[in-house]
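Structural description and commentary
Single-letter residue listing:
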Amino acid sequence: MKSFRLKFFIDFDGTITKNDVWINSLGKFINDKEKFARICEDLYTQKIGTRETVIRQLELIEDFSIDKFNSYLDEEPIDEHFKDFVTFCKEHDFDIRVVSGGLDHYITYILNRENIDLKCYACKMIWDERTKKLSSEFVHTDEYCRSCETCKRNILINSTNDLENEISVYIGDGASDYCVSGYADIVFAKGRLASYCWKNNITYFDYKNFSDIKNKIIKLTEKKISHRQEAMIRRRDVMMGG
C-alpha cells in the first residue's frame, strides 16, 4: 500500500488545451495585434506580471460577443490524452485541480463540452452589457502580491498537506507557471516553463502530452515518492510568513 497521495495542479491554456485559448480565441477580438504582441513580450521577459498582462490585454478587446466567443471555443481542441489521464487519476484516488490565469467562462465552457468535471481556479470573467466592456475579477489572487492574477502558488500550498504525505505535482507550459514551479514536488514542463525551470535549476520532466505524463507517473509510483526538499522548505517559509 502506497504511503503517499499525489495531488495534481494543472494549467489550462496550452496544457489541457492544445492552443493558448486566451491568445487564439479571445485574441480574435483584438485588432491592435502589435500592441497585443508587445504586452505578451513584456510578460515573457518578466517586465510585467500576469495580472497586469490580463488588465492591459482586456482593454484591447473590441466588439466582443459572447455567442461569437463561444463559437470560437467550440473549435478549441484539448489534449487527446487528457480525458484518459483524468480517468487514470480518479482510479488511483489522485486529486486534480485546474489552476489558470485565464477566464473562468472559457475554461468551464470547454470542460463542460468535454464532460469533464474538475475543480477549477481562474479569473472571473465580467461582461458589462451596458458599456460593452470585458473585464476580470481576480478572485484567487494573493493578498500581498499583485504580480499574478491567480496565485497558483498559494492554491498549491493551501491544498497540499505535507504532514499527510501529499505530493504536489504541477503541470504547465508558460509564464504564468514560473512562480508555482518552485513550490511543487514534481514538475512537468514544456515550452517557456521548461526553459524557465532549466535556467533556474528546477528539476522537471519534459512532456508532449498527457500520455507522457501518465506513463511517467506510473513509473514513479512503482517506487517510493518523497517531497522535493527545496520545494518543501519554500512551502514552509510561505506558511510561516517568510
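See above for the structure.
All of the points below concern the structure found in this document. (Residues numbered from 1 in each chain as written. Predicted model: local features only at pLDDT ≥ 70, side-chain atom pairs only at ≥ 80, totals over all residues. Heavy atoms only, no water.)

1. Notes on the overall build of the protein
Where we set the bar: Helix and strand labels come from DSSP, where a helix needs a run of H or I of at least four residues and a strand needs a run of E of at least two; each type is numbered from the N terminus. What the globule rule says is 2.2 Å times the number of residues to the power 0.38, and the radius of gyration is computed from C-alpha atoms. Exposure is judged per residue with a 1.4 Å probe applied to protein chains only, and the accessible area is read against the type maximum: over 50% gives exposed, under 20% gives buried, and values in between give partly exposed. When charges are tallied, Lys and Arg are placed among the positive residues and Asp and Glu among the negative ones, while His and the ends of the chain are skipped. Charged side chains are reduced to one point each, which is NZ for Lys, CZ for Arg, CG for Asp and CD for Glu.
Check the secondary structure of the protein and you find 11 helices and 7 strands. Over its C-alpha trace the protein gives a radius of gyration of 18 Å, about what one expects of a compact globule, namely 18 Å for 242 residues. Among the 242 residues that make up the protein, the fraction classed as buried is 50%. Of the side chains in the protein, 37 bear a positive and 41 a negative charge, and the two mean positions are spaced by 3 Å.

2. A closer look at the side chain of His227
Cut-off, in case you're wondering: The contact definition used throughout considers only heavy atoms, calling two residues in contact when any of these lie within 4.5 Å.
Secondary-structure assignment places His227 in the loop between helix H10 (210–220) and helix H11 (229–239). Among all residues touching His227, those that are not within four sequence positions of it are Asp162, Asn165, Glu166, Ile167, Asp185, Met232 and Arg235.

3. Focus: the pairing of strand S4 (residues 133–137)
Counted only if it meets this: For two strands to be treated as a pair, DSSP must find at least two bridges joining them.
Of the two faces of S4, the one lined by Leu134 and Ser136 is fully buried and the one lined by Lys133, Ser135 and Glu137 carries no buried residue. As judged from the 5 bridges shared by strand S3 (residues 119–128) and S4, these two strands associate in the antiparallel manner. Bridge assignment links Trp127 to a residue of S4, and that residue is Leu134. Between S3 and S4, which pair antiparallel one after the other, the connecting turn spans 4 residues, and Lys132 there sits at a positive phi close to 60 degrees.

4. Notes on the packing of aromatic side chains
Rules: Only Phe, Tyr and Trp rings are paired, with Trp represented by its six-membered ring, and only when their centres lie within 6.5 Å; those with planes under 30 degrees apart are stacked, over 60 edge-to-face, the remainder tilted. Lysine and arginine charges are scored as sitting over a ring when NZ or CZ, respectively, is within 6 Å of the ring centre and within 35 degrees of the ring normal.
Counted according to the given criterion, the structure contains 15 aromatic pairs. Ring-pair connections join several aromatic residues into one group, and the members of that group are Phe12, Phe29, Phe64, Phe69, Tyr72, Tyr106 and Trp127. Looking at Lys28, its charged tip hangs above the ring of Tyr72, at a distance of 5.1 Å from the centre. Here Arg192 stacks its cationic end above the ring of Tyr44, 3.5 Å away from the centre of that ring.

5. Some words on the state of the cysteines
Disulfides are covalent bonds that link the sulfur atoms of two cysteine residues. The condition is simple: Only a pair of cysteine sulfur atoms within 2.5 Å counts as a disulfide in this structure description.
Under the defined criterion, the tally for this structure stands at 0 disulfides. The thiol of Cys179 is unpaired, and the distance to the nearest cysteine sulfur, on Cys148, comes to 5.4 Å. Left unpaired, Cys197 is separated from the closest cysteine sulfur, that of Cys179, by 12 Å.

6. Considering the environment of Leu193
Positionally, Leu193 belongs in helix H9 (residues 191–199). Linking Leu193 and Ile10, residues 183 residues apart in sequence, is a C-alpha distance of 13 Å. With residues up to four places along the chain from it excluded, the contact list for Leu193 reads Tyr170, Gly172, Asp173, Gly174, Asp177, Tyr178, Ser181 and Phe188.

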